[in-house]
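Summary of the model geometry
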Amino acid sequence: MAGNDWINSYLEAILDAGGAAGEISAAAGSGGGGDGTAGEKRDKSSLMLRERGRFNPARYFVEEVISGFDETDLYKTWVRTSAMRSPQERNTRLENMSWRIWNLARKKKQIEGEEASRLSKRRMELEKARQYAAADLSEDLSEGEKGETNNEPSIHDESMRTRMPRIGSTDAIETWANQHKDKKLYIVLISIHGLIRGENMELGRDSDTGGQVKYVVELARALGSTPGVYRVDLLTRQISAPDVDWSYGEPTEMLSPISSENFGHDLGESSGAYIVRIPFGPRDKYIPKEHLWPHIQEFVDGALVHIMQMSKVLGEQIGSGQPVWPVVIHGHYADAGDSAALLSGALNVPMVFTGHSLGRDKLEQILKQGRQTRDEINATYKIMRRIEAEELCLDTSEIIITSTRQEIEQQWGLYDGFDLTMARKLRARIKRGVSCFGRYMPRMIAIPPGMEFSHIAPHDVDLDSEEGNEDGSGSPDPPIWADIMRFFSNPRKPMILALARPDPKKNITTLVKAFGEHRELRNLANLTLIMGNRDVIDEMSSTNAAVLTSVLKLIDKYDLYGQVAYPKHHKQFEVPDIYRLAARTKGVFINCAFIEPFGLTLIEAAAYGLPIVATRNGGPVDIHRVLDNGILVDPHNQNKIGEALYKLVSDKQLWTRCRQNGLKNIHQFSWPEHCKNYLARVVTLKPRHPRWQKNDVATEISEADSPEDSLRDIHDISLNLKLSLDSEKSGSKEGNSNTVRRQLEDAVQKLSGVSDIKKDGPGENGKWPSLRRRKHIIVIAVDSVQDADFVQVIKNIFEASSNERSSGAVGFVLSTARAISEIHALLISGRIEASDFDAFICNSGSDLCYPSSSSEDMLSPAELPFMIDLDYHSQIEYRWGGEGLRKTLIRWAAEKNNESGQKILVEGEECSSTYCISFKVSNTAAAPPVKEIRRTMRIQALRCHVLYSHDGSKLNVIPVLASRSQALRYLYIRWGVELSNITVIVGECGDTDYEGLLGGVHKTIILKGSFNAAPNQVHANRSYSLQDVVSFEKQGIASIEGYGPDNLKSALRQFGILKD
């Protein structure tokens, strides 16, 4: 079309800027850099810089409208369009592209407006909630709080160096070994996505198999070789897919130790470091991490079984017959952190978390691009599920380990559950022994990743005097050297080395442009780009292919043939050889990513004697502060990148000084140093583990269990309560004893099974240990029906399994949000005996009760025929806010009532218990969603689990690691009830913890039909959809119409619970 020439101005601007958001902003940034005359001459080819100093609509359009978009697709369309021969068709397509750009710009403005509104609302919520927290923490602690300002350990903290000397020599390592050789710790690490194996790691194969894989494997290996550590298990996913190597399907893989001497470490039958692969998810399919969320519960169950078995094995070897529990469970990345939190809660073991990269930070970065809404981002990345997992990690972790201070201050600060100022206040109060009113904050520790340096022997080489290999040993050069050198017309020039995936955020195209436009640098050095492995570009992901295509076009544009190497393949074991080649040529390593969470390649390069040029955004700042071996640059400014590279390769004295500094300080990033700092924190954690184990370990299952064994178990729990009360009578610290005693007595009054205070346990018909002898357990957890239907469901289940029930092969557990008093009334109305059940999971999983054996055990007819499991309370009490949480919730409820002008929320004291704060909801339409309540509590550092009943009439707030699904795991740990022998019966929907009852290795029967009431609207405001966390296609889930005995019997037969 005629008159379309104006379009060319805009599209040429996009083309010249490189087509991608980062490249556009880089060009724009360099335009305002104010560099010297020489720099301006080199930039004459850039449209942006040609237009410096005067307004130009094309430049304005690109900088103000297109900046922030990832325009790789648009760029590829432009290339295809500009190659068309027909002017008319070309102009038509150009006009269509302009409309696309206009629509993108409009969408970007809309998204920016929505985000600005959301952020403003969130900021107000944060300020309001933290004002309340500050009011509660109003005691004058100015001196203590001031002392905490800079107390976070860091790799360059002089005070820390004084307290904890670094391991910098063999003598120091031996001293550490002698101090800790008597410890025999069991550590569990979890990293569930990607392809993990000990040797020949396929790093760069996909976005899930990257630096994290290498990190966790090397951490496990290093810890396994550290004095005081007996065994390390790295738990991951077992994959038997045809498109991956068979080694990923092996159940166990032992990691070779770092040193054969092992620092005098006592070796045992099961000692060392192992990769343990747990089967979960599709057995024959390798799936990306975004699709693993529905299978997390299944992994947790499988991991729990492994840890229980291993704890028993280690107990026989080093624990004098008592289980050796993990000293810590350490999750890596959000998916593993979610798993670690559930395992930590089930086992009552301390948890540590490392995020590696964080969901909120990623969400903010994508939103800034303006191309996708929150819903679109969530559909692709399941980002809201990931963020919720990271918030849960803040709720449950004792320690959060980061690589840098930047991650603590800038990235974790985006989360509801962490505030650096409040963390310092709480720490100051704890040090002074002042109440924190139920508030908790995890400790943030910056410990940089380690590296193994024992095999690295850098050599000082004068290239002008040597023609052969660097050590003169006569051994042939590594093959990878020839693969790289064949690209160069002059291979003796210093090599600029970049090692990164072809990902837009790695900023490789800006590096190529910086090299291509700096004539002096091109004359002096070569450029080597190691961009993963590839066979055919068209078979790569669209994003990676676009970046690689852009690189090749830039090479052609600047005529860099003979000066840039970009080999297609390399093996992981060849990476050290690549570093050595760059060092041999007196080259430089560069990482110019837009933001780098840590930058492990910078440490690797320094270990081989390479000076560095690195981005000033993220972890490299901390690395450079320690190593002082290079130059930090703005990754958006290609002129600065080029000048930094030129300065290092041209100034030999500077190059030598940077090399020597790196080699001198690199030990501070060694794995022994990392492990020492890691263990120094871990061993100071308060030990937690299941508290009931005695000479007769409760998890042992035997068909020969006698009534005497059963009575002993009951007496143990009864004695547990008696000792708790008796100890309080003797007095303790001011006020605390009365509070604890009152809580215990409240539990006695409300859950009268603890009547054993005045009587020894029930008679020979005690029911609890019968759980250990059941072949199958049926859990009735139907929340979506009326009481009359619920009673009939119970009766029909009893009828369907009558034979197995009478023989004792099948037991029953009732699981509900109701209080035990409500359960008792329901059973009486339905003429069902409490003794028909083995256990009752009530108050949404905050209480576990057992039927009392006979009426003789009750103190009076008014009491309820149930007994409470206090050991279960010891499992779930972690970070329970108690009275402080209750007061905050009551204040919050009063505010909501005042805002609406009606009583929406009223505390239900009759349904509350020591570990459950219950509210009645009178107007469900006005009730706030769970995510809002959870956010409000987290902002105030109160950790809890918030749940609505199915009809929205009840709100329960319970301990953060308590739930009905966790209670089932407790039954496995305490009584040996195999999770795979449990069948949970649910409705089509349920309470807000419904998803937890569907996942896992247990079987699930879903009752469908019109008798299911629709869930209340409070369930609609979820942070993520149910499909994001539940796989309805997995084996072990069956659906039936109605709840008739015949249909139930058929479903139970399908799972092998009933005999044909």
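Criteria and thresholds
- Numbers given to residues run from 1 along each chain, matching the order in which its sequence is written.
- Thresholds applied to this predicted model are a pLDDT of at least 70 for local features of residues and 80 or more for the giving and counting of side-chain atom pairs; totals over whole chains, interfaces and linings are not thresholded and use all residues.
- As a rule here, side-chain values cover all heavy atoms of the structure and leave hydrogens and water aside.
- The helix and strand labels rest on DSSP assignments: H or I over at least four residues marks a helix, E over at least two residues marks a strand, and numbering proceeds from the N terminus.
- With a 1.4 Å probe rolled over the protein chains alone, any residue whose accessible area is under 20% of its type maximum counts as buried; one over 50% counts as exposed, and the rest are partly exposed.
- Any two residues having at least one pair of non-hydrogen atoms within 4.5 Å are treated as being in contact.
- Between any two strands, pairing holds if DSSP finds at least two bridges.
- To get an axis, fit a line to the C-alpha atoms, keeping to the stretch in contact for a helix; angles then go from 0 to 180 degrees between the N-to-C directions.
- In this scheme, roughly parallel covers angles under 35 degrees and roughly antiparallel covers those over 145, while 65 to 115 is roughly perpendicular and the rest are oblique.
- Crossings are assigned a handedness: left-handed for a near helix turned anticlockwise from the far helix by less than a right angle, right-handed for a clockwise turn.
- Residues were grouped as follows: Ala, Val, Leu, Ile, Met, Phe, Trp, Tyr, Cys and Pro as nonpolar; Asp, Glu, Lys and Arg as charged; and all remaining residues, including Gly, as polar.
- The definition used for a disulfide is geometric: two cysteine sulfur atoms within 2.5 Å.
- Residue-level confidence of the predictor is summarised by pLDDT, bounded by 0 at the bottom and 100 at the top.
- Here is the rule: rings of Phe, Tyr and Trp (six-membered ring for Trp) pair when centre to centre is within 6.5 Å. Planes less than 30 degrees apart are stacked, more than 60 are edge-to-face, and the remainder are tilted.
- Charges are assigned to positions over rings by a cutoff of 6 Å between ring centre and Lys NZ or Arg CZ, combined with an angular limit of 35 degrees from the ring normal.

Attention now moves to the overall build of the protein. Within the protein, the regular secondary structure consists of 39 helices and 26 strands. Relative to its full complement of 1060 residues, the protein shows a buried share of 60%. Pairs at least 24 apart in sequence give 74% of the contacts found in the protein among residues at least 6 apart.

With 5 of its 5 residues buried, strand S18 (residues 847-851) lies for the most part within the structure. Every second residue of S18 is oriented toward a common face, with Asp847, Cys849 and Pro851 on one face and Leu848 and Tyr850 on the other, all of them buried. Examined bridge by bridge, strand S17 (residues 839-842) and S18 share 3 bridges and lie antiparallel to one another. What sits directly across from Phe840, in S18, is Cys849. Between S17 and S18, which pair antiparallel and follow one another directly, the connecting turn spans 4 residues, one of which, Asn843, has a positive phi of 50°. Sheet topology places S18 next to strand S19 (residues 866-868); 3 bridges connect them, and they run antiparallel. Residue Pro851 lies in a different strand from S19, and its bridge partner there is Phe866.

To continue, consider the environment of Phe1032. Looking at the element boundaries, Phe1032 is found in the loop between strand S25 (1003-1008) and strand S26 (1037-1041). Between the C-alpha atoms of Phe1032 and Gly999, which are 33 residues apart in sequence, the distance is 8.8 Å.

Now for the packing of helix H13 (residues 333-347) against helix H37 (residues 964-975). The interhelical angle for the contact between H13 and H37, taken along N-to-C directions, is 50°, at an axis separation of 9 Å. Our classification of the angle between H13 and H37 gives oblique. Here H13 and H37 pass one another in a crossing that is right-handed. Residues Leu342, Gly345, Ala346 and Leu347 of H13 form the contact with H37, whose participating residues are Gln966, Arg969 and Ile973. By residue class, the composition of the contact of H13 with H37 is 4 nonpolar, 2 polar and 1 charged.

In this structure the tally under the stated criterion is 0 disulfides. Looking at Cys842, it has no disulfide partner, and the nearest cysteine sulfur is the one in Cys849, 4.0 Å off. The exposure class of Cys849 is buried, given its relative accessible area of 0%.

Per-residue pLDDT for the protein averages 80, and the proportion of residues at 70 or more is 75%. pLDDT under 50 marks residues 15-70. Its contacts with residues more than four places away, or in other chains, come to 105 contacts. Note on residues 140-170: pLDDT under 50 across the span, and 65 contacts to partners over four residues away in sequence or across chains.

What follows covers unusual backbone geometry. The residue Lys382 is not glycine, and still its phi comes out positive at about 50°. By the secondary structure assignment, Lys382 is in the loop between helix H15 (374-381) and helix H16 (383-396). Overall, Lys382 belongs to the buried group, its relative accessible area being 14%. With a phi close to 65°, Asn507 is a non-glycine residue in the positive phi region. Summarising the element assignment, Asn507 is placed in the loop between strand S9 (495-499) and helix H20 (508-517). Residue classification places Asn507 among the buried positions, given a relative accessible area of 1%.

Taking strand neighbours across the sheet as the criterion, the 8 strands line up as S3-S4-S2-S1-S5-S6-S7-S8 in an open arrangement whose pairing is mixed. Each of the sheet's edge strands pairs with one partner strand only, and the pair in question is strand S3 (252-255) and strand S8 (443-446). Direction aside, neighbouring strands of the sheet carry axes that sit 20° apart on average. By the bridge criterion, 7 bridges tie strand S2 (residues 229-237) to strand S4 (residues 272-278) in an arrangement that is parallel. What sits directly across from Asp233, in S4, is Tyr274.

Attention now moves to the packing of aromatic side chains. Within the structure shown, the criterion is met by 15 aromatic pairs. Each ring, one from Trp412 and one from Tyr415, has its centre 5.0 Å from the other, and the planes form 50°; the classification is tilted. The residues Trp412 and Tyr415 share a single accessibility class, namely buried. Plain terms: the ring middles of Phe487 and Tyr566 are 5.0 Å apart, the flat faces sit at 50° to each other, and that makes the pair tilted. Of this pair, Phe487 sits in the loop between helix H19 (479-485) and S9 while Tyr566 sits in the loop between strand S11 (564-565) and helix H23 (575-584), and the two are 79 residues apart along the sequence. With respect to burial, Phe487 and Tyr566 carry one shared label: buried. By the ring-pair criterion, three or more aromatic residues cluster together here, those being Phe798, Phe812, Phe837, Phe840 and Phe866. The side chain of Arg237 reaches across the aromatic face of Phe280, ending 5.8 Å from its centre. Looking at Arg360, its charged tip hangs above the ring of Tyr415, at a distance of 5.3 Å from the centre.

Bringing the environment of Arg818 into the picture now. Here Arg818 is to be found in the loop between strand S16 (810-815) and helix H33 (820-829). Here the alpha-carbon distance between Arg818 and Lys954, two residues 136 residues apart in the chain, equals 9.0 Å. Other than its neighbours up to four places away in sequence, Arg818 contacts Asp787, Phe790, Ile823, Leu826, Cys842, Asn843 and Lys954.

Okay, the sheet that holds strand S24 (residues 982-987) next. Within the open sheet, the 8 strands sit side by side as S19-S18-S17-S16-S15-S24-S25-S26. Their pairing is mixed. In this open sheet, the two edge strands, each paired with only one partner strand, are S19 and S26. Across the sheet, the mean angle from the axis of one strand to that of its neighbour is 25°, orientation sign disregarded. Relative to S26, S25 runs parallel, the two being bridged by 5 bridges. Each residue of the ladder has a partner; that of Leu1007, found in S26, is Ile1040. Of the strands in this sheet, S16, S17, S18 and S19 touch H33, which is tilted by about 125° from S17.

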